[in-house]
Amino acid sequence: MTRQRLVIGNWKMNGSLEQNRQLLEQLVAQQDEFLAQSHVVVCVPHPYLAQTHDALQNSGLQWGAQNLCSQQNGAFTGEVSAAMLQDFGCQWVLVGHSERRTLYGETDLDVLLKTKAALDAGLTPVVCVGETAKEHAEGLTEAIVLQQLQSILKLENEQLKRLVIAYEPVWAIGTGKSATPEQAQEIHAYIRDLLAQHQAGSVPLLYGGSVNATNAQALFAMPDIDGALVGGASLNAVDFLSIAAA
């Protein structure tokens, strides 16, 4: 099976109606330059899903959210369900981003439950994994990635095939210190092998962590890297277009 090439922009908690309008208009105007290479997605803050839906619904670009609740509905003030995301045409949702894990205490069980909620609703969850600088220095990268994926790998094989996995070393996120293509490839190959043991070896694997227009091409040249989860660079149309075109 041919693996999907995919570039996802994660706006994090950034944007305004006017900034978003300019960025989305630029992406739509120039989409022909990069959509031949890969599927391109923007994951935006929940308040801007309606704006993004309206701006992109007749384009080749897709959109998603940065988080969701594991519950379908009820007394969960401040949460957003998978069904609500569907109302705004979302096809994608980030799950288990390191900022959710470290700042808001999300556990591997939380990530599993959110992944199931997304799958049950027909959304594609982008499950994020990665080690801290301390864990990296201690040579624990594979052990941490395995720990974070252990419960996910217990999903049914057909469910696993509907995931995307993003390897984002925490020490590289927003720091300017990207993993080398060779370092990233080593971990992607490890994840690919884990998935292949469950007949899910064609799952797209993305690299995230200070991806930019300069390093994208070398990263994408690696055999097990299918694309990128892009943070800060996704807020600049020129930079994001360069990454997508790579």
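How each quantity is defined
- Residues numbered from 1 in each chain as written.
- Predicted model: local features only at pLDDT ≥ 70, side-chain atom pairs only at ≥ 80, totals over all residues.
- Heavy atoms only, no water.
- Helix = DSSP H or I, 4+ residues; strand = E, 2+ residues; numbered from the N terminus.
- Expected span 1.5 Å × (residues − 1).
- Contact = heavy atoms within 4.5 Å.
- UniProt positions renumbered as here; feature names shortened; annotations may be inferred.
- 1 Å grid on protein atoms, 1.4 Å probe; cavity = no way out; pocket = protein on both sides within 12 Å on 5 of 7 lines; lining within 4 Å.
- Buried < 20%, exposed > 50% of the residue type's maximum accessible area, 1.4 Å probe, protein only.
- Polar contact = N/O pair within 3.5 Å; in protein donor to acceptor, adjacent residues only side chain to side chain.
- Points joined across faces, edges and corners; volume = space filled by probe spheres on them.
- Nonpolar A, V, L, I, M, F, W, Y, C, P; charged D, E, K, R; others polar.
- Pairing = 2+ DSSP bridges.
- Right-handed = clockwise from strand over helix to strand, strands pointing away.
- Axes fitted to C-alpha atoms, helices over the stretch in contact; angles between N-to-C directions.
- Parallel < 35°, antiparallel > 145°, perpendicular 65-115°, else oblique.
- Left-handed = near helix turned anticlockwise from the far one by under 90°.

Draft legend 1. Quick peek at helix 5 (residues 108-120). Between its terminal C-alpha atoms helix 5 stretches 18 Å, which fits the 18 Å expected from 13 residues at 1.5 Å a residue. The inward-facing, buried residues of helix 5 abut helix 3 (82-87), strand 4 (92-95), helix 4 (98-104), strand 5 (124-129) and helix 8 (157-160). In the segment just after helix 5, Gly 122 is the residue with positive phi, at about 85°.

Draft legend 2. Spatial organisation of the UniProt feature "active site" (unreviewed entry) in the protein chain. Feature annotation in UniProt places "active site" (unreviewed entry) on His 97 and Glu 168, given in this structure's numbering. Taken along the chain, the residues just named run across 72 residues; in space they keep tight, none of their C-alpha pairs more than 8.4 Å apart. Those annotated residues lining the largest pocket are, specifically, His 97. The buried category is assigned to His 97, whose relative accessible area is 5%. Apart from residues lying up to four places away in sequence, His 97 is in contact with Asn 10, Lys 12, Cys 128, Glu 168 and Ile 173. With respect to the helices, strands and loops of the structure, Glu 168 is situated in the loop between strand 6 (164-167) and helix 9 (181-196). Residue classification places Glu 168 among the buried positions, given a relative accessible area of 6%. Once residues lying within four places of it in the same chain are set aside, the contact partners of Glu 168 are His 97, Cys 128, Val 129, Gly 130, Glu 131, Ile 173, Gly 208, Gly 209 and Leu 229. Within the structure, Glu 168 has its side chain in polar contact with the side chain of His 97 (distance 3.2 Å).

Draft legend 3. Summary view of the layout of surface pockets. For the largest pocket, the calculated volume is near 460 Å³. Forming the walls of the largest pocket are 18 residues, and the residues nearest its centre are Lys 12, Met 13, Gln 66, Arg 100 and Tyr 104. No other element matches the four residues that helix 4 contributes to the lining of the largest pocket. In terms of residue class, the lining of the largest pocket is made up of eight nonpolar, six polar and four charged. Looking at the second largest pocket, its volume works out to about 180 Å³. What lines the second largest pocket is Cys 69, Ser 70, Gln 71, Gln 72, Ser 81, Ala 82, Ala 83, Leu 113, Lys 116, Ala 117, Asp 120 and Ala 121.

Draft legend 4. Representation of the pairing of strand 1 (residues 6-10) in the model. Within strand 1, five of the five residues are buried, which leaves it mostly tucked inside the rest of the structure. A two-sided burial pattern is seen for strand 1, the buried positions comprising Leu 6, Ile 8 and Asn 10 on one face and Val 7 and Gly 9 on the other. In the sheet, strand 1 pairs with strand 2 (residues 39-44) via five bridges, with the strands oriented parallel. Bridging from a neighbouring strand, Ile 8 pairs with Val 41 of strand 2. Following the chain from strand 1 across helix 1 (residues 17-29) to the adjacent parallel strand 2, one finds a crossover that is right-handed. Pairing between strand 1 and strand 8 (residues 227-230): four bridges, direction parallel. The partner of Ile 8 across the bridge, within strand 8, is Leu 229.

Draft legend 5. Expanded view of the environment of Ser 16. Take Ser 16: it is sitting in the loop between strand 1 and helix 1. Excluding its chain neighbours within four sequence positions, the residues that come into contact with Ser 16 are Tyr 48 and Gln 51. In this structure the side chain of Ser 16 is engaged in a polar contact, spanning 3.1 Å, whose partner is the backbone nitrogen of Gln 19.

Draft legend 6. Seen up close, the packing of helix 7 (residues 141-149) against helix 9. Where helix 7 meets helix 9, the closest approach of the two axes is 11 Å, and the angle between their N-to-C directions is 40°. With respect to each other, helix 7 and helix 9 are oriented oblique. As helix 7 runs across helix 9, the sense of the crossing is right-handed. Residues Thr 141, Glu 142, Val 145, Leu 146 and Leu 149 of helix 7 form the contact with helix 9, whose own contacting residues are Glu 186, Ile 187, Tyr 190, Ile 191 and Leu 194. Per-class residue counts for the contact of helix 7 with helix 9 are seven nonpolar, one polar and two charged.

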